[in-house]
Amino acid sequence: MRTVDVNVLTQNIREMCIEANHFLSPDMKKAFTMAKQQEKAPLGRQILLQLQQNMEIAAQDMIPICQDTGMAVVFLEVGQDVHLVGGNVEDAVNEGVRQGYVDGYLRKSVVKDPIYRENTKDNTPAIIHYSIVPGDRVKITVAPKGFGSENVSRVFMLKPADGIEGVKNAILTAVKDAGPNACPPMVVGVGIGGTFEKCALMAKKALTRSVDEHSEIPYVRELEEELLQKINKSGIGPGGLGGSTTALAVNINTYPTHIAGLPVAVNICCHVNRHAVREI
């Protein structure tokens, strides 16, 4: 049994909130470079260049990539042979988010109540997802989620008879309806199966997968590739102003489901798709 003090979680999450909001992850850098080379529309290339320059300035001058520094989404994959000590895990995570957003001078965007909307002034509480996995390590993923793209995400409760064509149509409908509001080129996270909440969680988690990795399931991999091509033929383009780069990736997760249902969630993320991953 390995012992880990929760203060280690706090320190790492503090740093990861700042890191994710200032520096593009390596996979997204690579995707952006490729997109700029492949974009066919002159205006589209110009917008991609401007977005890339913005991200370079953000990293050099320690200015947030976007003014919407997001609501902190934290995935904790905790090894079953880890004993967390020194305090409450949820408090430790939220303290890390608080320190990251206050000390990092990041915009505080969270309100205490969805109706009365008083700002918490430190961007807490975070959205925390836990999973218990084999081993004695703790994997932390911090994904600040802006709400321009979050607001255009969708859940479709399809019928089994809708099949794979219904799934394709749902994903394409969500992207088309999102249009420029998702700050394209976007990353499209998809969850298929499970239940109402499970497919949404899978879609969110899919956004944290490296954009140059495909599903290990052959038909899902083919679906990711097919949908990326179709989305990029939609003409929405960078900034929603036309072009051949509407999405940088389509990442799909699947899970068993009930005989009577076919849940599909589409969680769209903007062109920076912020996430930081560490293992302790």
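Our subject is the structure that appears above.
Note that the structure is a prediction, hence the values are computed from the model and not measured.

K.L.:
Give a detailed account of the sheet that holds strand β9 (residues 262-269), specifying residues and quantitative values.
P.N.:
The pairing of strands in a sheet comes from backbone hydrogen bonds and takes either a parallel or an antiparallel form. Pairing within the open sheet is mixed, and its four strands lie in the order β6-β9-β7-β8. Of all strands in the sheet, those bounded by a partner on one side alone are β6 (154-158) and β8 (247-257). Across the sheet, the mean angle separating the axes of adjacent strands is 15 degrees when strand polarity is ignored. Relative to β9, strand β7 (residues 186-194) runs antiparallel, the two sharing six bridges. Across the sheet, Ile 192 pairs through a bridge with Val 264, a residue of β9.

K.L.:
How would you explain the layout of surface pockets if you had to name every residue and give the values?
P.N.:
The volume enclosed by the largest pocket comes to roughly 590 Å³. In this structure, the largest pocket is lined by 23 residues; those nearest its centre are Gln 38, Leu 228, Asn 232, Ala 247 and Leu 248. The greatest single-element share of the lining of the largest pocket, amounting to six residues, is contributed by helix α2 (residues 26-38). Across the lining of the largest pocket, the residue classes break down as nine nonpolar, seven polar and seven charged.

K.L.:
Tell me what's going on with the nonpolar core, and back it up with residues and numbers.
P.N.:
Counting residues in hydrophobic clusters, the biggest one holds 26 residues, and the most contacted among them are Val 188 and Val 264. Those elements that provide at least two residues to this core are β6, α6 (163-178), β7, α8 (218-232), β8 and β9. The biggest single contributor to this core is α6, with six residues. In this structure Val 264 touches Arg 154, Val 155, Phe 156, Leu 158, Val 167, Ile 171, Val 190, Gly 191, Ile 192 and Cys 199, once residues within four positions along its chain are discounted. Core analysis: the second largest hydrophobic core is formed by 25 residues, Cys 17, Tyr 101, Leu 106 and Ile 280 among them.

K.L.:
How would you sum up a nonpolar patch on the surface? Please name residues and give values.
P.N.:
A contiguous nonpolar surface patch, about 300 Å² in accessible area, is contributed by Val 155, Met 157 and Phe 196. Among the structural elements, Met 157 can be located in strand β6. With relative accessibility at 52%, the residue Met 157 sits in the exposed group.

K.L.:
Describe in detail empty space enclosed by the protein, supporting the description with residues and values.
P.N.:
The full count for this structure, using the stated rule, is one cavity of 30 Å³ or more. Taken as a whole, the largest cavity holds about 60 Å³ of empty space. Along the walls of the largest cavity sit Phe 75, Ala 143, Pro 144, Lys 145, Lys 204, Leu 207, Thr 208, Cys 269, Asn 273 and Arg 274, which together make up its complete lining. Looking at the lining of the largest cavity, the element that brings in the most residues is strand β5 (residues 138-145), giving three residues.

K.L.:
Any chance you could break down the side chain of Asn 21 for me, citing the residues and the numbers?
P.N.:
The residue Asn 21 is located in helix α1 (residues 6-22) in this model. The class of Asn 21 is buried, set by a relative accessible area of 0%. Here the side chain of Asn 21 touches Cys 17 through a polar contact of 3.0 Å, landing on its backbone oxygen. Within the local environment of Asn 21, its side chain forms a polar contact with the side chain of Arg 274, the two groups lying 3.0 Å apart.

Each value, and the rule that gives it
- Sequence positions are assigned chain by chain, starting from 1 and proceeding in written order.
- Owing to the predicted nature of the model, reporting of local features is limited to residues with pLDDT of at least 70; listing and counting of side-chain atom pairs is limited to 80 or more, with chain, interface and lining totals taken over all residues.
- Only heavy atoms go into the side-chain values, all of them from the structure, while hydrogens and water stay out.
- The criterion for strand pairing is that DSSP finds at least two bridges linking the strands in question.
- Helix and strand definitions follow DSSP, with helices as H or I runs of at least four residues and strands as E runs of at least two, each counted in order from the N terminus.
- Throughout, an axis means a line fitted to C-alpha atoms (over the contacting stretch in the case of helices), and angles, computed between N-to-C directions, take values from 0 to 180 degrees.
- Here a cavity denotes grid points, spaced 1 Å and computed from the protein atoms alone, that fit a 1.4 Å probe unable to get out, and a pocket denotes an open set having protein on both sides within 12 Å along at least 5 of 7 lines; residues with an atom within 4 Å of a point are the lining.
- Grid points are joined across faces, edges and corners, and a volume is the space filled by probe spheres set on the points.
- Just so you know the grouping, Ala, Val, Leu, Ile, Met, Phe, Trp, Tyr, Cys and Pro go in nonpolar, Asp, Glu, Lys and Arg go in charged, and all remaining residues, Gly too, go in polar.
- Working definition of a nonpolar core: buried Ala, Val, Leu, Ile, Met, Phe, Trp, Tyr and Cys residues. They are joined through side-chain atoms within 4.5 Å.
- Burial classification: accessible surface area is computed with a 1.4 Å probe over protein chains only, and a residue below 20% of its type maximum counts as buried, one above 50% as exposed, and the rest as partly exposed.
- In this description, contact between two residues means that some pair of their heavy atoms is separated by no more than 4.5 Å.
- Residues form patches when they are more than 30% accessible in relative terms and have no salt bridge. Like charges link within 9 Å. Nonpolar side chains (Val, Leu, Ile, Met, Phe, Trp, Tyr) link within 5 Å.
- Accessible surface area values rest on a Shrake-Rupley calculation with a 1.4 Å probe, where residue burial reflects the displayed protein chains alone.
- Any carboxyl oxygen of Asp or Glu that lies within 4 Å of a side-chain nitrogen of Lys or Arg is treated as forming a salt bridge with it.
- Counted as a polar contact is a pair of N or O atoms within 3.5 Å, where, for protein atoms, one must be capable of donating a hydrogen and the other of accepting one, and residues adjacent in sequence contribute only when both atoms are in side chains.

Scope: geometric values only; no functional claims are made or implied.
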